[in-house]
Amino acid sequence: MIQITNLTKKFGNKVAVDDVTFKVEKGEILGFLGPNGAGKTTTMNIITGYISYTSGSVTVDGMDILKNPEEAKKRIGYLPENPPLYLDMTVWDYLNFVFDLKAIKIDRNEHLQEVMQTVKILDVKNRLIKNLSKGYRQRVGLAQALLGNPEILILDEPTVGLDPKQINEIRSVIKELGRERTIILSSHILPEVSAICERVIIINNGRIVASDSPENLSNSLAGTTILNVRIEGDKDAVTNVLQSLDNVDSIEVSTYTGSIYNYRIKTKDETDIRRDMFYALAENRMPIMQLSHQNLSLEDVFLKLTTVEPSEEKISASKDSNDAGESNNEDISDSGQDAKAQDSDEGSGDNMEIQEADNQ
Amino acid sequence: MTAIFKREFKAYFTSPIGYIYLGIFLFFSGFFFSAINLMYTMTDMSPFFSNLTIILVFMLPLLTMRLFAEERRNKTDQLLLTAPVSVFGIVMGKFLSAAALFGFSLIITFVYPAVMLIYGNPLLSTVLALYCGFFLLGCSLISIGVFVSASTESQITAAIISFVILLFIQLSDWVSSLFNNATVKKIFDWLSVTNRYQEFTDGVLSLSSVMFFISFCAVFIFLTISSIEKRRWS
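Residues numbered from 1 in each chain as written. Chains lettered and ligands numbered in written order. Predicted model: local features only at pLDDT ≥ 70, side-chain atom pairs only at ≥ 80, totals over all residues. Heavy atoms only, no water.

### Some remarks on the overall build of chain B
Summing up its helical and strand segments, chain B has 13 helices and 0 strands in all. Listing each helix as α and each strand as β along chain B from the N terminus yields α-α-α-α-α-α-α-α-α-α-α-α-α. Pairs at least 24 apart in sequence give 74% of the contacts found in chain B among residues at least 6 apart. For chain B, the exposed area adds up to about 10700 Å²; of that, 74% sits on carbon and sulfur atoms. (Helix = DSSP H or I, 4+ residues; strand = E, 2+ residues; numbered from the N terminus. Contact = heavy atoms within 4.5 Å. Areas by Shrake-Rupley, 256 points an atom, 1.4 Å probe, with all protein chains shown as cover.)

### Examining the packing of helix α3 (residues 46–64) of chain B against helix α8 (residues 124–151) of chain B
Residue and element names in this part refer to chain B. Two elements in contact, α3 and α8, have axes whose closest approach is 10 Å; the angle formed by their N-to-C orientations is 25°. Between α3 and α8, the interaxial angle falls into the category roughly parallel. Handedness of the crossing formed by α3 with α8: right-handed. Where α3 abuts α8, its residues S46, F49, L52, T53, L56, L60 and T64 lie against L130, Y131, F134, L137, G138, L141, I142, G145, V146 and S149. (Axes fitted to C-alpha atoms, helices over the stretch in contact; angles between N-to-C directions. Parallel < 35°, antiparallel > 145°, perpendicular 65-115°, else oblique. Left-handed = near helix turned anticlockwise from the far one by under 90°.)

### As for the packing of aromatic side chains
The full count for this structure, using the stated rule, is 27 aromatic pairs over all chains. When the ring of F13 of chain B is compared with that of Y19 of chain B, the centres are 5.5 Å apart and the planes differ by 80°; the resulting orientation is edge-to-face. Residue classification places F13 of chain B among the partly exposed positions, given a relative accessible area of 25%. Ring plane angle 75° and centroid distance 5.5 Å describe the contact between F212 of chain B and F213 of chain B, whose orientation is recorded as edge-to-face. On the basis of relative accessible area, F212 of chain B is assigned to the buried category, the value being 6%. The class of F213 of chain B is buried, set by a relative accessible area of 0%. Each residue in the set Y21, F25, F33, F48, F49, F102, F110, Y112, Y131, F134 and F135 of chain B is aromatic and connected to the rest through ring pairs, giving one cluster. Of note, R230 of chain A hangs over the ring of Y256 of chain A, and the distance from its end group to the ring centre comes to 3.6 Å. Positioned over the ring face of Y12 of chain B is R66 of chain B, at 5.2 Å from the centre of the ring. (Phe/Tyr/Trp six-rings, centres within 6.5 Å; stacked < 30°, edge-to-face > 60°. Buried < 20%, exposed > 50% of the residue type's maximum accessible area, 1.4 Å probe, protein only. Lys NZ or Arg CZ within 6 Å of the ring centre and 35° of its normal.)

### Topic: the interface of chain A and chain B
Taken residue by residue, the interface counts 28 residues in chain A and 21 residues in chain B. Of the roughly 2400 Å² buried between chain A and chain B on both sides combined, carbon and sulfur atoms contribute 60%. Of all residues in chain A, Y50, Y86 and L101 of chain A bury the most surface against chain B, accounting for 29% of the area lost on that side. Where chain A packs against chain B, one counts 1 salt bridge. Counting the contacts that link chain A with chain B gives 7 residue pairs in polar contact (both at pLDDT 80 or more). Elements that contribute at least two residues to the side of chain A that touches chain B include exactly β1 (2–11), α2 (69–74) and α3 (91–101) of chain A. Here the side of chain A that touches chain B is composed, by residue class, of 15 nonpolar, 6 polar and 7 charged. (Buried area = accessible area lost by both parts, 1.4 Å probe. Salt bridge = Lys/Arg side-chain N within 4 Å of Asp/Glu carboxyl O. Polar contact = N/O pair within 3.5 Å; in protein donor to acceptor, adjacent residues only side chain to side chain. Nonpolar A, V, L, I, M, F, W, Y, C, P; charged D, E, K, R; others polar.)

### Here's the deal with the pairing of strand β6 (residues 76–79) of chain A
Strand residues, when the strand is regular, have side chains that alternate between the two faces of the sheet. Residues and elements named next belong to chain A. Of the two faces of β6, the one carrying I76 and Y78 and the one carrying G77 and L79 are both buried. Of the strand pairs in this sheet, β6 and strand β7 (residues 152–156) are connected by 4 bridges, and their pairing is parallel. Counted as the bridge partner of G77 is L153 from β7. (Pairing = 2+ DSSP bridges.)

### Focus on helix α5 (residues 134–146) of chain A
For α5 of chain A, which comprises 13 residues, the first-to-last C-alpha distance of 18 Å matches the rise-based estimate of 18 Å (1.5 Å per residue) to within 8%. Along α5 of chain A, 10 of the 13 residues are buried, which leaves the element largely enclosed by surrounding structure. Residues of α5 of chain A that are buried include every one of G135, Q138, R139, V140, G141, L142, A143, Q144, A145 and L146 of chain A, and no others. Those residues of α5 of chain A hidden inside the fold are in contact with β6, α3, α4 (108–118), β7 and α6 (164–177) of chain A together with α5 (77–82) of chain B. Of the residues trailing α5 of chain A, G148 of chain A is marked for its positive phi of about 85°. (Expected span 1.5 Å × (residues − 1).)

### Looking at the side chain of T126 of chain B
Turning to its location among the elements, T126 of chain B is positioned in helix α8. Those residues in contact with T126 of chain B that lie beyond four places of it in its chain are T201 and G203 of chain B.

### Considering the packing of helix α1 (residues 2–14) of chain B against helix α2 (residues 16–38) of chain B
All names here are of chain B. Between α1 and α2, the shortest axis-to-axis distance is 4 Å and the interhelical angle comes to 75°. Comparing their axes, α2 and α1 come out roughly perpendicular. Residues Y12, F13 and T14 of α1 form the contact with α2, whose participating residues are P16, I17, G18, Y19 and L22. Tallied by class, the residues present in the contact of α1 with α2 amount to 6 nonpolar, 2 polar and no charged.

### Some thoughts on the pattern of salt bridges
Residues and elements named next belong to chain B. Inspection of every chain in the model, using the stated rule, returns 20 salt bridges over all chains. E71 is the salt-bridge partner of K94, the closest N and O atoms lying 2.7 Å from each other. Taken together, the positions of K94 in helix α6 (residues 87–108) and E71 in helix α4 (residues 66–74) put the pair 23 residues apart, joining distant regions of the chain. For E71, a relative accessible area of 4% gives the class buried.

### Focus: the environment of T271 of chain A
Residues and elements named next belong to chain A. Looking at the secondary structure, you find T271 in the loop between β13 (260–267) and α10 (274–283). Exposure remark for T271: the relative accessible area of 27% places this residue in the partly exposed category. T271 sits 24 residues away from N247 along the chain, and the two C-alpha atoms are 7.1 Å apart.

### Details of the environment of D61 of chain A
Counting through the fold element by element, D61 of chain A comes out in the loop between β4 (55–60) and β5 (63–64). Between the C-alpha atom of D61 of chain A and that of E25 of chain A, which follows or precedes it by 36 residues, the distance is 9.9 Å.

### Some details on the environment of V219 of chain B
As for its placement among the helices and strands, V219 of chain B is situated in helix α13 (residues 207–233). Residue classification places V219 of chain B among the partly exposed residues on the basis of a relative accessible area of 45%.

### Things to note about the sheet that holds strand β3 (residues 29–33) of chain A
All names here are of chain A. Taking strand neighbours across the sheet as the criterion, the 6 strands line up as β6-β7-β8-β3-β9-β10 in an open arrangement whose pairing is mixed. Unpaired on one side and paired on the other, β6 and β10 (207–212) mark the two borders of the sheet. Along the sheet, successive strands turn relative to each other by an average axial angle of 15°, direction set aside. Bridge count for β3 against strand β9 (residues 199–204) is 4 bridges, and the pairing is parallel. Residue pairing for β9: L33 is matched across the bridge by I202. Taken strand by strand, helix α1 (residues 40–47) contacts β3, β6, β7, β8 (182–187) and β9, and its axis lies near 150° from that of β8.

Here it is as C-alpha cells:
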C-alpha cells in the first residue's frame, strides 16, 4: 500500500531521515516508535506530501507522492501532531469545510454524522473549536482525517494530551478502524504501540533500528526469562528447593512480610520452569502466593535500541546465536536490576501493566 | 479552491477584520464622495478614486495579512497542503476571497454613481472604466499582500511589510523622479501601478493596461506559490 525506498531528508546539514526503506501492506497497523527528534514526524510529513524529500521515493497505492500528489493525497487521512483546526469555526462548519476541501463525492450529512458518531463528537457539533478541551480537539482532528473514508490513515501521536479514559476510547476507535484500513501510527507510549500495532518500526536518529512485531522484538532481544514469585515459607528452605530445579540461573530474595518472601528467579536460556517449580514447591508444602512471568518489555527493547551507541551492531548481535548474545545478556541483567529497584518500591504494578499490554 | 474561497470569505465576517475594513473603507468613500463630488457638484469620479487609493494602502494589508501567516502559525497549512488540492488552488482561493471582499465593498459604492444619475448626467463609460481600473489596482495590491503573508509567520509583520510596499508603490512616481538615469526612470514608470491606473481616470479601458494588472497579479501569485513550494523543499 505504501512503499518507501531509500528515503532521505536533509534540513540544511542536518539529516532528519537517513536512507529509510520500508513497506506497509494493505490492512496493516504499523507502529512508528522513536525518541523525540528521531524523524517520525518528518517521515509522516513526507508520506502525506506536506514536505518533500531530498532523495528516494514514496509511493502510495502505486502513486508517487511528488509526481501524482493529488491522487496520492486522496487516499490518505492525516492527523498531524497538532490537529490542524481553525479555532474560530464550529465543529460542524469545520468538518463541512474539510469535506469540501477533500472534494468528497458521497452524501454529506450521512457521512458527517457517521464520522462524528465514530469519534463521539456529536454533542459538541455546534461549539466553537476554540472552546473545546484538548481531548475533544484531538477527536475533531481524527474526524477530519477520517472524512472521505481514506484507505490509509496516518496518525501522529493520536493520544498525546488525553486523559486515560479518552486514551482508551481513541485506541479502541483506532483498532476498530484498523480492521479495514491501513494505519501508520507514531507514538512514544510503548504499551500503546504493543496494544494496537501488528508491526513496529523503531527509528532513531533518522534510521530504522528495528522492525518486527512487538512480541518478536521483545523475544528476540530477551535471551533470559525472569520469574517473580512470592512464596510462603522459610527463606533458606525455599531457596534450596528452588535451586534444586533444572535450568535455574540465579535467585534473589527479598522480604515481603512475615514468612512470605519475594524471589526473583532468572532462568537459563528461555526455558519455562513454572510447572517444575510449582510441583516442587507443592511437594514441600510451600504455597505460591503470586507468580509473574517477566519478559523484556518493549520499553526495555526500545531503550536498548535507542540509547546504546552502535545500535546496528547490537541488533545483528542479538539476532545471531547465543554466543554472540553474551554481551547482550549483561545488558539485560542491568536493566533487570533497574526494574527490580522499581518493583520493590511500588510492588509489581509496572510489570503487570506491561504484561497486560503484551497479552493483548 | 472553492472550499478555501468560501471559508476565507466567511472568516472575514467571523472575525472583526471584515467589519473593520468595510466600516473604514465605506466611511472614507462616503466622506470623499460628499466632500468632492457633492460639495463641488461634479460628476467626475477620478478625484474620488485617487483619494480612495490612499485608503487602500492602509486597508488592504488588513485583508491579506492573515491569509497565510495565520495558517502557518496554527499549523493548519498542514491540512491544506496534505489535502488533494494543488498549491495553485490554495493560493487562488485565498487571493480571490480578499479580492471578493474588496469587490463587495466597491459594489456598495455603486450608490454614489446612482445618486449622480438621479441628480445629474455622469458619463457612465468613464465611471465604468474607473471602477474597472480601481478594482484591478486593488487586486494587484492584494496580490502583493498575499505574497508577503505567505513569506512570514506573523500577521503583524505581514501587515507592516505589505503596508510599506504599498506605500512605496504609491510613491513610485516620486521615487522615479529621484533618479536622473533615463533607463531607471523608465523601469520605475513602467512598474508604477498608479501610473497605469492614471489611464483609467481618463476613461480609457485600454487592453494593455488591463493586461498589465492581470499579469501583475499573476506574477505575485506565482511568487506566492514558489515561496510555499520552496518551504516544502527546504
